Amino acid sequence: RPLKTGNTISGAQYMIQEHLSGSPCNYIFERNLAIKHNIRFEPGVYHEDEEFNTKLHYFAKSLIDSNAIVYNYCIRPESITSNSNRQFEEKRINDLLSLLERLVGFSNRQQATSNIVQRKGLEHKLTMLTVDTILNLMFDGRSAHEIYTICKTRIRPLMLYPLPRRPYVLKYKIFRLFANSHIGLSILRLFIPRHKPAKQ
């Protein structure tokens with residue numbers, strides 16, 4: 001297919017406009033950007049790529065979107081994620097919650113020097129990560145009561161729950177209406193599968 005590129009925007013503006021993918025394979029970054037801001041992959045945790053990508057986009061002054069195919073995803077039946085057990089899932093969920101805590105801490109530390117676009121970019125990313133966390137708890141088979149308890153005890157202190165009213169896509173607005181209450185989560189529990197849909 002013909003190669004296409006979009007207009008140049010900042011990484012923070014991209015976070016406002018798009019649902020930023022966690023996979024670093026979707027992006028090519030200038031190495032000096034990571035070195036300058038001391039951005040590294042957090043060792044020994046899952047979802048470390050979400051933090052890495054978010055911070056790089058936050059500081060990136062220019063970004064070009066392209067439809068170039070530069071990466072192929074290989075699904076291996078013997079991979080760790082394809083053969084997860086209870087211990088793996090518990091760690092993955094805890095690491096996801098810890099990721100929210102670290103990114104909120106990062107956001108707070110940047111307040112004095114950030115501009116409005118950077119703040120809105122982080123706000124959008126953190127909100128979408130909170131949605132992903134709630135969905136992952138559902139895919140993990142947690143009950144509505146357990147999910148609501150985790151939201152109150154782990155996510156609410158971060159000021160990320162209840163999900164905020166924002167002019168995001170319709171799917172978010174509908175999800176927010178249900179996810180912000182125990183009864184709503186119980187309704188979502190009836191429709192959302194207890195296992196994450198497999199990659200196609």
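What you see as residue numbers is a count from 1 along each chain, following the sequence as written. Only residues with pLDDT of at least 70 are given local features in this predicted model, and only at 80 or more are side-chain atom pairs given and counted; all residues enter the totals for whole chains, interfaces and linings. Calculation of side-chain values draws on the structure's entire complement of heavy atoms; hydrogens and water are dropped beforehand.

Turning next to the overall build of the chain. Put simply, DSSP H or I for four residues or longer makes a helix, DSSP E for two residues or longer makes a strand, and each gets a number counted from the N terminus. A count of helical and extended segments in the chain gives eight helices and two strands. Atoms counted for the radius of gyration: C-alpha only. Globule rule: 2.2 Å times residue count to the power 0.38. Computed over C-alpha atoms, the radius of gyration of the chain comes to 18 Å, within 12% of the 16 Å expected from 2.2 N^0.38 for 200 residues, which places it in the range of a compact globule. Taken along its principal axes, the extent of the C-alpha atoms in the chain is 45 × 45 × 35 Å. Residue exposure (1.4 Å probe, protein chains only): buried if accessible area is under 20% of the type maximum, exposed if over 50%, otherwise partly exposed. In the chain, which comprises 200 residues, the proportion classed as buried is 41%. Within the chain, counting contacts between residues at least 6 apart in sequence, those at least 24 apart form 75% of the total. Here the open area of atoms and residues is found with the Shrake-Rupley method and a 1.4 Å probe, where only the protein chains shown may cover a residue. Split by element, the accessible area of the chain, about 12400 Å² in all, is 56% carbon and sulfur. Measuring between centres, the 29 positive side-chain charges of the chain sit 6 Å from its 17 negative side-chain charges. Whether two residues are in contact is decided by their heavy atoms, any of which lying within 4.5 Å being enough. Counted as positive: Lys and Arg. Counted as negative: Asp and Glu, with His and the chain ends omitted from the count. Note on charges: their place is set at NZ of Lys, CZ of Arg, CG of Asp or CD of Glu.

Between the first and last residue of a helix there are one fewer steps than residues, each counted as 1.5 Å, and that sum is the expected span. Given a rise of 1.5 Å per residue, 25 residues ought to cover 36 Å, and the 36 Å separating the end C-alpha atoms of helix α4 (residues 86-110) matches this to within 8%. For α4, the capping residue at the N-terminal end is Asn-85, with a side-chain oxygen 3.2 Å from the backbone nitrogen of Gln-87. We define a polar contact as two N or O atoms separated by no more than 3.5 Å, with the added condition that, inside protein, one atom must be a possible hydrogen donor and the other a possible acceptor, whereas residues neighbouring each other in sequence contribute only through side-chain atom pairs.

The next point concerns the packing of helix α6 (residues 144-155) against helix α8 (residues 182-191). What counts as an axis is a line fitted to C-alpha atoms, over the stretch in contact for a helix, and the angles between N-to-C directions run from 0 to 180 degrees. With their axes 9 Å apart at the nearest point, α6 and α8 run at an angle of 130° to one another. One element, α6, and the other, α8, form an angle in the oblique class. When you trace α6 past α8, the crossing you get is right-handed. Every residue of α8 that contacts α6 at Ala-144, His-145, Ile-147 and Tyr-148 is listed here: His-182, Leu-185, Ser-186 and Arg-189. Here the word oblique covers every angle except those under 35 degrees (roughly parallel), over 145 (roughly antiparallel) and from 65 to 115 (roughly perpendicular). With the far helix as reference, a near helix turned anticlockwise by less than a right angle produces a left-handed crossing, and one turned clockwise produces a right-handed crossing.

As a further point, take a nonpolar patch on the surface. A patch consists of residues exposed above 30% relative accessible area that lack any salt bridge, with like charges linked at up to 9 Å and nonpolar side chains (Val, Leu, Ile, Met, Phe, Trp, Tyr) linked at up to 5 Å. When a carboxyl oxygen of Asp or Glu is within 4 Å of a side-chain nitrogen of Lys or Arg, the pair counts as a salt bridge. A surface patch of nonpolar side chains, amounting to about 900 Å² of accessible area, comprises Leu-170, Ile-174, Leu-177, Phe-178, Ile-183, Ile-187, Leu-190 and Phe-191. Among the elements of the structure, α7 (170-179) and α8 are those that each provide at least two residues to the nonpolar patch. If you trace the backbone, Leu-170 turns up in helix α7. Its relative accessible area of 60% is what places Leu-170 among the exposed residues.

What is meant by a nonpolar core is a set of buried Ala, Val, Leu, Ile, Met, Phe, Trp, Tyr and Cys residues, joined one to another through side-chain atoms within 4.5 Å. Core analysis: the largest hydrophobic core is formed by 32 residues, its most contacted members being Ile-134, Phe-175 and Leu-185. Looking at this core, the elements with two or more residues in it are α4, α5 (116-139), α6, α7 and α8. It is α5 that provides the largest number of residues to this core, a total of eight residues. Excluding residues within four positions of it along the chain, Leu-185 makes contact with Ile-134, Met-138, Ala-144, Ile-147, Tyr-148, Tyr-161, Phe-178 and Ala-179. By size, the runner-up hydrophobic cluster in this structure holds 15 residues, among which are Leu-33, Phe-52, Phe-59 and Phe-106.

Let us now look at the pattern of salt bridges. Summed over the entire model, instances satisfying the criterion amount to twelve salt bridges. Of the charged contacts in the structure, one is a salt bridge between Glu-101 and Arg-154, with a shortest N-O distance of 3.3 Å. Of this pair, Glu-101 sits in helix α4 while Arg-154 sits in helix α6, and the two are 53 residues apart along the sequence. Where Arg-142 meets Glu-146, a salt bridge forms, and the shortest distance between an N and an O atom there is 3.0 Å. With a relative accessible area of 33%, Glu-146 lands in the partly exposed category. Taken together, the shared-partner salt bridges connect Arg-86, Glu-90, Asp-140, Arg-142 and Glu-146 into one network.

A pair of packed helices is characterised by two quantities: the angle between their axes and the separation of those axes. Where α7 meets α8, the closest approach of the two axes is 6 Å, and the angle between their N-to-C directions is 120°. Taken together, the axis directions place α7 and α8 in an arrangement best described as oblique. Counted together, Phe-175, Phe-178 and Ala-179 of α7 and Gly-184, Leu-185, Ile-187 and Leu-188 of α8 form the full contact between these two elements. Looking at the contact of α7 with α8 residue by residue, the classes come out as six nonpolar, one polar and no charged. Side-chain classes follow a simple rule in which Ala, Val, Leu, Ile, Met, Phe, Trp, Tyr, Cys and Pro form the nonpolar group, Asp, Glu, Lys and Arg form the charged group, and the remainder, Gly included, forms the polar group.

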